[in-house]
Amino acid sequence: MTDRQLNAEARASANGEVFETETRVKSNVEVNGEYRHLVLDAPQKILNCKPGQFFHLLCPVSGGHQPYLRRPMSIYGYYPEKGELHFLYKVAGEGTRAMADLKEGDGFNVLGPLGKGYSIQDDWNNLLLVARGVGLATLAPLAQEARRLGRKLTAICSARSPDVLMSTDLFREMGAEVITVTDAEGTSDMDNIRAIIEGRIAAGAVDALYTCGSNRMLKLLQGLGAKHGIPGEIALEQQMACGVGMCQCCVRSFRRNDKIIHERVCREGPVFDMQEAMEW
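A brief report on the enclosed structure follows. (Residues numbered from 1 in each chain as written. Predicted model: local features only at pLDDT ≥ 70, side-chain atom pairs only at ≥ 80, totals over all residues. Heavy atoms only, no water.)

**Comments concerning the side chain of T154**
Phase 1 of the analysis: Tracing the backbone through its elements, the reader meets T154 in strand 9 (residues 152–159).
Phase 2 of the analysis: With residues near it in sequence (within four places) discarded, T154 still touches L127, L128, L129, E177, I179 and R200. (Helix = DSSP H or I, 4+ residues; strand = E, 2+ residues; numbered from the N terminus. Contact = heavy atoms within 4.5 Å.)

Printed below as a string of structure tokens:
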């Protein structure tokens with residue numbers, strides 16, 4: 001299927017208007033030994049995004065890199081006032097290695113914004129997010145939206161060690177209270193994170209829970225949400241081929257109204273009600 005056909009199908013999505021666009025690289029720099037921060041000069045028409053949405057990226061074919069399919073990637077930031085679209089990514093495979101070779105001024109084809117993003121209900125005044133590693137990239141725009149809406153945000157950021165913690169400065173800039181936990185310091189175990197969250201809940205400082213990816217985080221937050229009657233949302237990570245719901249590659253199982261249903265992460269998600277998500 002051609003990109004033109006994919007774009008036509010994406011436009012039919014109920015999730016909003018989608019564009020296939022040629023952007024320009026403004027910068028593509030290392031954040032630490034594992035992750036890079038890509039900033040694109042992007043037209044206004046693709047910057048009408050929501051936290052938790054993603055773009056399907058056409059990774060360049062150059063040198064020894066021959067990526068075949070587009071790569072889905074969560075939005076790290078979108079700034080209409082500057083005409084910028086940001087991604088935070090880990091160099092792990094053929095596609096991201098090709099992306100790492102992008103230089104300032106290079107063209108980069110993107111398709112999006114795609115998918116269903118996070119929501120912030122009117123009575124959710126105290127938001128708490130928990131994520132680890134690149135999962136923090138998905139949640140970064142949520143902090144941006146929380147600041148815009150005047151909501152209070154607590155961000156629990158987890159990593160192997162302090163030197164690979166990411167996005168903490170960004171969250172602080174957005175007015176969030178940042179709590180860091182790491183394997184190296186012995187603070188990132190689920191029991192400690194549970195205790196931190198329980199303390200916030202006891203203080204009446206949690207109206208909604210947010211996370212991305214991890215089964216361990218999902219299980220922990222599902223339990224706390226059910227115990228205390230606190231709603232939550234999770235952005236799921238899944239392999240995708242088309243990114244617009246046609247190929248069925250990203251179908252997952254969910255528990256809804258006492259039934260097991262199947263939905264596409266790229267189209268009905270990637271953000272879902274936390275209590276409906278199932279471990280995988």
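Having seen the model, we can carry on.
**Let's talk about the environment of A176**
Phase 1 of the analysis: Turning to its location among the elements, A176 is positioned in the loop between helix 4 (168–173) and strand 10 (177–182).
Phase 2 of the analysis: The class of A176 is buried, set by a relative accessible area of 10%.
Phase 3 of the analysis: Separated by 35 residues in sequence, A176 and T211 have C-alpha atoms that sit 15 Å apart.
Phase 4 of the analysis: Each residue touching A176, except ones within four places of it in the same chain, is listed here: L153 and F171. (Buried < 20%, exposed > 50% of the residue type's maximum accessible area, 1.4 Å probe, protein only.)

**Observations concerning the pattern of salt bridges**
Phase 1 of the analysis: All told, the structure shown has 14 salt bridges when counted by the stated rule.
Phase 2 of the analysis: Measuring nitrogen to oxygen at the nearest pair gives 2.6 Å for the salt bridge that ties R132 to D183. Taken together, the residues R132 in strand 8 (residues 126–132) and D183 in the loop between strand 10 and helix 5 (190–202) connect sequence positions 51 residues apart.
Phase 3 of the analysis: Classification of R132 by relative accessible area gives partly exposed; the value is 30%.
Phase 4 of the analysis: Here D183 falls in the partly exposed class, since its relative accessible area comes to 38%. (Salt bridge = Lys/Arg side-chain N within 4 Å of Asp/Glu carboxyl O.)

**A closer look at the environment of I261**
Phase 1 of the analysis: Among the structural elements, I261 can be located in strand 14 (residues 259–264).
Phase 2 of the analysis: Taking the C-alpha atoms as reference points, I261 and E276, 15 residues apart in sequence, are found 9.6 Å from one another.
Phase 3 of the analysis: Not counting residues up to four positions away in its chain, the partners in contact with I261 are R252, S253, F254 and R256.

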